Amino acid sequence: MEALYFITASGVCGHTEEWDCVDDDFDADGWLDHYGDRIGSGTAKLPSGSWIDLSQFATITKTR
């Protein structure tokens, strides 16, 4: 299982995304490499298939 924690500027975890990377295009590092430059200003497709507005987050981490 992979997990990403989306952290707001105030340090609150605003979203957690967990998925089985065996059946997905990205593991956590790959997702961050592909979408990490959008933190603070863009949107990105989550492994679950939904979209997330990254403008509300200050950082994304693999560990809490």
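Residues numbered from 1 in each chain as written. Predicted model: local features only at pLDDT ≥ 70, side-chain atom pairs only at ≥ 80, totals over all residues. Heavy atoms only, no water.

**Q** Could you clarify how one ought to interpret the environment of A44 in this entry?
**A** When you line up the elements, A44 lands in strand 3 (residues 43–45). Look at A44 and you get buried, because its relative accessible area is 0%. Along the primary structure A44 and H34 are separated by ten residues, whereas in three dimensions their C-alpha atoms are 9.3 Å apart. (Helix = DSSP H or I, 4+ residues; strand = E, 2+ residues; numbered from the N terminus. Buried < 20%, exposed > 50% of the residue type's maximum accessible area, 1.4 Å probe, protein only.)

**Q** Explain the packing of aromatic side chains to me, please; I cannot follow it from the model alone.
**A** Pairs of aromatic rings are described using the distance from one ring centre to the other and the angle between the two planes. Scanning all chains against the criterion turns up four aromatic pairs. Plain terms: the ring middles of F26 and Y35 are 6.0 Å apart, the flat faces sit at 70° to each other, and that makes the pair edge-to-face. A residue is classified by how much of its surface remains accessible, and Y35, at 10% relative accessible area, is buried. Aromatic ring contacts, followed pair by pair, group F6, F26, W31, Y35 and F57 into a single cluster. (Phe/Tyr/Trp six-rings, centres within 6.5 Å; stacked < 30°, edge-to-face > 60°.)

**Q** Please clarify how the environment of T63 should be interpreted in this entry.
**A** Mapped onto the elements, T63 comes out in the segment after strand 5 (59–61). Sequence separation between T63 and R38 is 25 residues; the distance between their C-alpha atoms is 19 Å.

**Q** When you look at helix 1 (residues 28–35) in this model, what are you seeing that I'm missing?
**A** In an α-helix there are 3.6 residues to a turn, and that puts residues three or four apart on one side. Along helix 1, the positions that sit buried rather than exposed are A28, G30, W31 and Y35. Angularly, the buried residues of helix 1 cover 160° about the axis, an arc narrow enough to put them on a single face. Against strand 1 (2–7), strand 2 (13–19), strand 3 and strand 5 lie the buried residues of helix 1. Where helix 1 begins, the capping side chain belongs to D27, and its oxygen is found 3.4 Å from the backbone nitrogen of D29. (Arc of directions from axis to C-beta. Contact = heavy atoms within 4.5 Å. Polar contact = N/O pair within 3.5 Å; in protein donor to acceptor, adjacent residues only side chain to side chain.)

**Q** Help me understand the pattern of salt bridges, please; the structure alone is not making it clear to me.
**A** Pairing between side chains becomes possible if they bear opposite charge and their charged atoms approach one another. Going through the model one piece at a time under the given rule, you end up with one salt bridge. A salt bridge links K62 to D29; its shortest N-O distance comes to 2.9 Å. With a gap of 33 residues between them, K62 in the segment after strand 5 and D29 in helix 1 connect regions that are remote in the sequence. Taking the relative accessible area as the measure of exposure, K62 reaches 37% and is therefore partly exposed. (Salt bridge = Lys/Arg side-chain N within 4 Å of Asp/Glu carboxyl O.)

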